[in-house]
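Listed below are the residues making up each chain.
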Amino acid sequence: MFHLEYDVMVVGGGIAGQETSLNLANMGFKVILIEKEPSIGGKMILLSKVFPTLDCASCIATPKMSETMRHENIEVLSYSEVSSIERIDKKFKVKILKKPKFVREDLCTGCQECEANCPVNVEDQFNFGLVGRRAVYIPYSTAIPKTAVIDIDNCILCGACERVCPANAIDFTQEPEYYTLKVKSVVLATGFNLFPARKKPQYGFGMYPNVMDAMEMDRLLSPTRPYNAVIRPLDGKIPENIAYILCTGSRDVSVGNPICSQICCMYSIKQAQLLMGALPLADITIYYIDIRAFGKGFEEFYQQAKDMGVQFIKGKVAKIEEIKESGNLKVRYEDIEGSGGVKEMEHDLVVLSVGMLSNPQITSSFKTEELELDEYFYVKQTDPLINPAKTNLKGIFAAGTATGPKDIPDSILSAGAASAEVAAYIRSLK
Ligand SMILES: Cc1cc2nc3c(=O)[nH]c(=O)nc-3n(C[C@H](O)[C@H](O)[C@H](O)COP(=O)(O)OP(=O)(O)OC[C@H]3O[C@@H](n4cnc5c(N)ncnc54)[C@H](O)[C@@H]3O)c2cc1C
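The following refers to the structure shown.

Basis of the calculations
Residues numbered from 1 in each chain as written. Predicted model: local features only at pLDDT ≥ 70, side-chain atom pairs only at ≥ 80, totals over all residues. Axes fitted to C-alpha atoms, helices over the stretch in contact; angles between N-to-C directions. Helix = DSSP H or I, 4+ residues; strand = E, 2+ residues; numbered from the N terminus. Left-handed = near helix turned anticlockwise from the far one by under 90°. Contact = placed C-beta atoms within 7 Å. Nonpolar A, V, L, I, M, F, W, Y, C, P; charged D, E, K, R; others polar. Near = placed C-beta within 6 Å. Domains from an automatic or database assignment. Pairing = 2+ DSSP bridges.

**Structural notes on the packing of helix H1 (residues 15–26) against helix H8 (residues 408–429)**
Each packed pair of helices is defined by two parameters, the angle between the axes and the distance between the axes.
Then step 1. Interaxial distance between H1 and H8 falls to 8 Å at its minimum, and their mutual angle equals 35 degrees. At the point where H1 passes H8, the crossing takes the right-handed sense. Across from Ile15, Ala16, Glu19, Thr20, Asn23 and Leu24 in H1, the residues of H8 making contact are Ile408, Ser411, Ile412, Ser414, Ala415, Gly416, Ala418, Ser419, Val422 and Ala423.
Then step 2. Counted by class, the contact of H1 with H8 contains 9 nonpolar, 6 polar and 1 charged residues.

Dropping the structure here:
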């Protein structure tokens, strides 16, 4: 049931936003969770397995998504955005825009008949362009809510979906809906953006088909993968000699991101181990500046990859060039620990281990005051040692990668901190 007053608005339905919502809802607070995509889940639901335990990401994520969706104290508004946040006395007036899905969520059963009959094919953003999707689509098989959305910009209005929908759920008359709510507190859990690999043109992403980024590789290795094998995009050949280029867009002043993304070393080592299972005959080489295996069990995980036969080369990669005849890639690097000098190696697939960038878009929603960002454009933690979720604005808190690079366990921990700080704040209002 939709209400006009809530204790807390959580913005962002990734793992940090879900965890914050569940913690607060379990304490008895009424929570509204706003997610801009058609499904909650964030990046985690798209991953293969998680380091260092190699547990299946979606097996952990889906029960949490479903608990969030069904909790009696949580209202989830998917495909929605926050237009404005204004402080009024001790509360916030927030305006929400719910975008039309052109499918009635109360009727859609998720049967995908519409998808099967839609004649339009466009790039699938949830598979990072590896495959296509239809103009009417369910983002992925583990989506929650599992209801279809019509991408009206690409729809040709042929009516095929409407004719086959057994639930009569297609509704082309839907308009955007606007809600004005009152909340006592807000948690920003808006996550991170992936470093766009095209910003390193010397690595050839977007130019050479056999150069992909690590998010694409995680999709290829996940249980909800777009096709049932790891293949080269150029020709569908099974790769035999795969390279990883660490720190693509992290610790790199030339692209304006000098900080470490904290996850790329470990997710690359994870993918290398998964690839050794999927392609036992493939050689895997990881080019790195430093391996930052700082967490519990991480160093052992790194050693395990070495023992499995992954080759680690300490060397900064300067350039990647395609060999026209084969589509293979020539990687030119500075050999720091070996015999030294500039060297070249040939690989048939290159994966760029792209880093995290901030997602500061939410700042424009604050109409009467300014949310402070840190020097890297993450939400600024004004008291990181004692109140890590506190921002410069009273009553506004932040969780997960909205405040800086974090892996999943650290995002969950920060959601715990945000929940405790919000609860104390709301109780102090009485
Ligand atoms: C290739 C790759 C592999 C990885 N592998 C691992 C791994 O094995 N183990 C591990 O621990 N970590 C891994 N990570 C890191 C992991 O993805 C993050 O730690 C985790 O996703 C952070 O969760 P989050 O909720 O903070 O952010 P996100 O997952 O980014 O979620 C943010 C959510 O907020 C929504 N949102 C954003 N802006 C708005 C807005 N204005 N209004 C409404 N909604 C909004 C987004 O749509 C999204 O749903 C990996 C990352 C990558 C890129």
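There's more to say after this.
**Focus: the site of the ligand**
Then step 1. Neighbouring residues of the ligand: 40 residues in total, closest Gly12, Gly14, Gly42, Gly191 and Gly400.
Then step 2. Contributions of two or more residues to the shell around the ligand are made by H1, strand E6 (80–88), strand E13 (192–194), helix H5 (214–221), helix H6 (264–278) and H8.
Then step 3. For the shell around the ligand, the residue count by class is 19 nonpolar, 12 polar and 9 charged.
Then step 4. Built from parts of two domains, the shell around the ligand gets at least three residues from each of domain 1 (5–98 + 176–191 + 359–429) and domain 3 (195–355).

**Some thoughts on unusual backbone geometry**
Then step 1. Here Phe51 and Pro52 are connected by a cis peptide whose omega angle stands at -10 degrees.
Then step 2. Counting through the fold element by element, Pro52 comes out in the loop between strand E3 (49–50) and strand E4 (55–56).
Then step 3. Residue Pro145 is bonded to the preceding Ile144 through a cis peptide linkage, with omega at 0 degrees.
Then step 4. Mapped onto the elements of the fold, Pro145 is located in the loop between strand E10 (136–137) and strand E11 (149–150).

**Thoughts on the pairing of strand E19 (residues 342–347)**
Residues in a regular strand project their side chains so that they alternate between the two faces of the sheet.
Then step 1. Across 6 bridges, the pairing between strand E18 (residues 329–335) and E19 is antiparallel. Across the sheet, residue Leu329 finds its bridge partner in E19, namely His347.

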